[in-house]
Amino acid sequence: MSPSLGDMEPAEAESVYFNEYPPPKALSRHEALARAFIDLHVEANRRVVLVTSGGTTVPLEAQTVRFIDNFSAGTRGATSAEYFLEQGYAVIFLHRQYSLLPYSRHYSHSTNCFLDFMDEAPPSNGSMDGSVIVRNEYQNQMRDVLRKYRYAKQNNRLLLLSFTTVAEYMFELRAMAKLMRPLGYNALFYLAAAVSDFFIPRSRMAEHKIQSSEIPANFRDNAVAGDEIYTGENENEPAKNSKKLIIDLDPVPKFLHRLVDGWAPDGSMVVSFKLETDPALLVYKARTALQRYAHHLVIGNMLSTRKWEVVFITPDAPYERWIRVPKSRRSKSISGAQDQVGLAEIKKGEAGKANETDQPPSVGMEDGVEIESLIIPELVKLHDARIAEKKAAAQ
Ligand code: PAZ
């Protein structure tokens, strides 16, 4: 039996893993875009942060019909990217395709449908139709978001790159980290994506759609062009021999080691996230990750409270520091099924209120304090200190 990736040295696991998959189709285009983006900011001596965001999929078939996914909507990543931009960083936003994006996130979620912010002005100048406008009560907030978005776009401060599967994520992360080398200590990695811990190695993956019923052994010999394939799903003929699907997943190799020791620029700062649901495990798991990968900060968060509390676990004092949005300033908006569970647990019975139709649509920045507005300035202070230390050591 061949050794599993988890049993190999990190460099060997890297070579086996990346040789098993073809690189994502978009990779060379993404690399060209990122190279130009990074060159521009190296020239300007500007800090660049790679923000990873959203969930990764784990395909069950090579010609993928089914896959395993996770809950992340990309709220943490998209919101953090905005606060990094506000702090003067340029942002490479490596995100799960169709997850939330900086700025448009305020109007793109199902609970924040952009149409709810629009109106039709009365017709003028003999026209039958009025122009479509932003409702009065949202003018200020939307103008503010629009200005920030335009500034980021026109000044080349934001590069959007997407992935879907966990393998695509790994390829993109490795490529971006290597391209960021000329940035040195001006590079920051903020790994907020919810990356699957388990996957099916390419060598064990079914090529075609996994069938839910037996295909007769002699089917292929007897089949002629135009024959219908027996699927067992004919409603007049209930499925016989329906099969259970037992999925055997391997651990995804932990490439954080390789990022810290190999791919990322010398002197750069690496921040990872740790998500747990059992409060007793959070700090322990975050600290173990920090010790194992020897990077610079782990931000721990619980699924149900992630919108208003996180813990910074650092290698130096104070070692453990909680950042919390005060109770009175927490957002009442909910987005996504998991958030509704979180709110229902914490605010017992109040979850429905945010969806009442007479309530105006809520928009992040006006609707309570976003915890990312507290996380990012604290993180920038740590990055400042690290840069000062690197500069002093170089003298
Ligand atoms: O995308 P989101 O805002 O709904 O969730 C953010 C998060 C919980 C995925 C992120 O804060 C995080 O903890 N990411 C790392 C998850 C992990 O691999 O442990």
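None of these values were measured; they are calculated from a predicted model.

Here the focus is the overall build of the protein chain. Looking only at helices and strands, the protein chain has 11 helices and 14 strands in total. Burial status across the protein chain gives 34% buried among its 395 residues. Here the analysis covers contacts within the protein chain between residues at least 6 apart in sequence; of these, 72% occur between residues at least 24 apart.

Turning to the packing of helix 2 (residues 27–43) against helix 6 (residues 166–179), a few remarks are in order. In contact at an axis separation of 10 Å, helix 2 and helix 6 are set at 30° when each is read in the N-to-C sense. The pairing of helix 2 with helix 6 is recorded here as roughly parallel in orientation. Along this stretch, helix 2 crosses helix 6, giving a crossing that reads as right-handed. Residues Leu-27, His-30, Glu-31, Ala-34, Arg-35 and Ile-38 of helix 2 lie in contact with helix 6, whose contacting residues are Phe-171, Glu-172, Ala-175, Met-176 and Leu-179. A breakdown of the residues in the contact of helix 2 with helix 6 according to their chemical character gives 7 nonpolar, 1 polar and 3 charged.

With that settled, the discussion passes to the site of the ligand. Within the structure, the ligand sits among 13 residues, and Ser-72, Thr-75, Arg-76, Phe-273 and Leu-275 are positioned closest to it. Considering each element in turn, the shell around the ligand owes the most residues, 3 residues, to strand 11 (residues 269–276).

On a regular strand, one side chain projects to one face of the sheet and the next to the other, so that they alternate. Strand 12 (residues 297–302) sits mainly inside the fold: 5 of its 6 residues count as buried. Regarding the hand of the β-α-β motif, the stretch spanning strand 11, helix 9 (residues 279–293) and strand 12 is right-handed. Where strand 12 meets strand 13 (residues 309–313), 3 bridges bridge the pair, whose relative direction is antiparallel. Its bridge partner lying in strand 13, Val-298 is registered against Ile-313. The hairpin formed by strand 12 and strand 13 contains 6 residues between the paired strands.

Turning to the sheet that holds strand 8 (residues 187–191), a few remarks are in order. What the 8 strands build is an open sheet, ordered 7-4-1-8-11-12-13-14; its pairing is mixed. A single partner strand is all that each edge strand has here, and the edge strands are strand 7 (158–163) and strand 14 (320–324). Ignoring strand direction, the axes of neighbouring strands in this sheet form an average angle of 20°. Pairing between strand 1 (residues 48–53) and strand 8: 5 bridges, direction parallel. Note that in strand 8 the partner of Val-49 across the bridge is Leu-188.

So, on to the UniProt feature "domain: DNA/pantothenate metabolism flavoprotein C-terminal" (unreviewed entry) in the protein chain. UniProt's feature table lists "domain: DNA/pantothenate metabolism flavoprotein C-terminal" (unreviewed entry) at residues 47–98, given in the numbering used throughout. Helix makes up 23% of residues 47–98 and strand 33%, and the two end C-alpha atoms of the span are 27 Å apart.

Okay, the nonpolar core next. By size, the foremost hydrophobic cluster in this structure holds 74 residues, and its most contacted members are Val-51, Val-91, Ile-92, Met-176 and Met-180. Top element by residues in this core is helix 6. It accounts for 10 residues. Residues within four places of Met-180 in sequence aside, it is in contact with Ile-38, Val-48, Leu-50, Ala-187, Ala-264 and Pro-265.

Bringing helix 3 (residues 75–86) into the picture now. Here helix 3 is 12 residues long and its end C-alpha atoms lie 17 Å apart, about the 16 Å a rise of 1.5 Å per residue gives. In terms of burial, helix 3 is a largely internal element, 11 of the 12 residues being buried. Listing the buried residues of helix 3 in full gives Thr-75, Arg-76, Gly-77, Ala-78, Thr-79, Ser-80, Ala-81, Glu-82, Tyr-83, Phe-84 and Leu-85. Two residues or fewer after helix 3 comes Gly-88, characterised by a positive phi angle close to 90°.

Before going further, it helps to spend a moment on the pairing of strand 7. In terms of residue burial, strand 7 counts as a mostly covered element, since 5 of its 6 residues are buried. Pairing between strand 4 (residues 90–96) and strand 7: 6 bridges, direction parallel. For Arg-96, the partnering residue across the bridge sits in strand 7 and is Phe-163.

Leaving glycine aside, a negative phi is the common case for residues, and trans is the common case for peptide bonds. A cis amide bond links Ala-317 with the next residue in sequence, Pro-318, at an omega value of 10°. Here Pro-318 shows up in the loop between strand 13 and strand 14. The phi dihedral of Tyr-98 falls on the positive side, at around 70°, and the residue is not glycine. With respect to the helices and strands, Tyr-98 occurs in the loop between strand 4 and helix 4 (105–108). Residue class for Tyr-98 comes out exposed when judged on the 11 C-beta atoms lying within 10 Å of it.

Rules used in this analysis
- Residues numbered from 1 in each chain as written.
- Predicted model: local features only at pLDDT ≥ 70, side-chain atom pairs only at ≥ 80, totals over all residues.
- Helix = DSSP H or I, 4+ residues; strand = E, 2+ residues; numbered from the N terminus.
- Buried ≥ 20, exposed ≤ 12 C-beta atoms within 10 Å, placed from the backbone.
- Contact = placed C-beta atoms within 7 Å.
- Axes fitted to C-alpha atoms, helices over the stretch in contact; angles between N-to-C directions.
- Parallel < 35°, antiparallel > 145°, perpendicular 65-115°, else oblique.
- Left-handed = near helix turned anticlockwise from the far one by under 90°.
- Nonpolar A, V, L, I, M, F, W, Y, C, P; charged D, E, K, R; others polar.
- Near = placed C-beta within 6 Å.
- Right-handed = clockwise from strand over helix to strand, strands pointing away.
- Pairing = 2+ DSSP bridges.
- UniProt positions renumbered as here; feature names shortened; annotations may be inferred.
- Core = buried A, V, L, I, M, F, W, Y, C linked by C-beta atoms within 7 Å.
- Expected span 1.5 Å × (residues − 1).

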